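Structural overview
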Amino acid sequence: AQSVTQLGSHVSVSEGALVLLRCNYSSSVPPYLFWYVQYPNQGLQLLLKYTSAATLVKGINGFEAEFKKSETSFHLTKPSAHMSDAAEYFCAVSDEAGGTSYGKLTFGQGTILTVHP
Amino acid sequence: ETGVTQSPTHLIKTRGQQVTLRCSSQSGHNTVSWYQQALGQGPQFIFQYYREEENGRGNFPPRFSGLQFPNYSSELNVNALELDDSALYLCASSLGLANEQFFGPGTRLTVL
């Protein structure tokens, strides 16, 4: 079974600072990987996805993530944090063999991002 | 274009009762997935429906059951509620199995 580990349940940065949220996955086959954001009392919104094309993936709101097979990582970054980035972020892997479906996602535990003025 | 909607928003039940949660998929989407998100946890996959047929199930007991209707809306039924069933239940729809899922706002279920 595939799994996802997010290092750090809470990350705090200053406005304008670099955001780095860590995600490591385990998978026996090339996976599909995703980052979602969840604002309080809302559902999940897709930030970006890796589907075995370019290893550096750009998403919405200035976020990007790099797939590193050798490190089994898919860390999320943003060069300059905004107050509006404060939310909970989830890394997820497709739970289909060969990653042929965006459904049946396995999520990490989540990382709460706090942005200080 | 209407997004994924879920009803009710909040629900309070007592142990042993039964509950039905509803999800209306985004227009044109024929695939619905359900997830349970306990407090402080990531969502966990319950099951998925594709064109009215169950297309996979996570590690949940049989008292969690579902249904998808011809208009692709869906229901999640939970029998014999337990305290640990208290969670946010998320529904996500997509056009087919290999496309992006769009999530609804969720139903917050509290079991007392």
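Residues numbered from 1 in each chain as written. Chains lettered and ligands numbered in written order. Predicted model: local features only at pLDDT ≥ 70, side-chain atom pairs only at ≥ 80, totals over all residues. Heavy atoms only, no water.

Some words on the pairing of strand S7 (residues 64-68) of chain B
All names here are of chain B. Judged by which residues are buried, S7 turns out to be one-sided: Phe64, Gly66 and Gln68 face inward and are buried, whereas Ser65 and Leu67, on the alternate face, are not. Two elements, S7 and strand S8 (residues 74-78), share 5 bridges in a ladder whose sense is antiparallel. Bridge assignment links Ser65 to a residue of S8, and that residue is Asn77. The loop that links S7 with its antiparallel partner S8 comprises 5 residues; one of these, Tyr72, has a positive phi angle of about 75°. (Buried < 20%, exposed > 50% of the residue type's maximum accessible area, 1.4 Å probe, protein only. Helix = DSSP H or I, 4+ residues; strand = E, 2+ residues; numbered from the N terminus. Pairing = 2+ DSSP bridges.)

With respect to the interface of chain A and chain B
Listed by partner, the interface residues are 17 residues for chain A and 20 residues for chain B. Across the interface of chain A and chain B, roughly 1500 Å² is buried in total on both sides, 52% from carbon and sulfur atoms. Across the contact surface, chain A and chain B share 0 salt bridges. Joining chain A to chain B, the criterion identifies 4 residue pairs in polar contact (both at pLDDT 80 or more). The set of elements that each furnish at least two residues to the side of chain A that touches chain B consists of strand S4 (33-38), strand S5 (44-50) and strand S10 (105-107) of chain A. Broken down by element, the residue count for the side of chain A that touches chain B peaks at 3 residues, all from S5(A). Taken together, the residues of the side of chain A that touches chain B sort by class into 7 nonpolar, 8 polar and 2 charged. (Contact = heavy atoms within 4.5 Å. Buried area = accessible area lost by both parts, 1.4 Å probe. Salt bridge = Lys/Arg side-chain N within 4 Å of Asp/Glu carboxyl O. Polar contact = N/O pair within 3.5 Å; in protein donor to acceptor, adjacent residues only side chain to side chain. Nonpolar A, V, L, I, M, F, W, Y, C, P; charged D, E, K, R; others polar.)

Considerations on the layout of surface pockets
For the largest pocket, the calculated volume is near 450 Å³. Sorting the residues of the lining of the largest pocket by element identifies strand S9 (87-94) of chain A together with strand S11 (107-111) of chain B as the ones contributing at least two each. Taken together, the residues of the lining of the largest pocket sort by class into 8 nonpolar, 11 polar and 2 charged. By volume, the second largest pocket amounts to about 370 Å³. Taken together, 19 residues make up the lining of the second largest pocket; nearest its centre are Thr106(A), Pro43(B), Gln44(B), Phe45(B) and Phe60(B). (1 Å grid on protein atoms, 1.4 Å probe; cavity = no way out; pocket = protein on both sides within 12 Å on 5 of 7 lines; lining within 4 Å. Points joined across faces, edges and corners; volume = space filled by probe spheres on them.)

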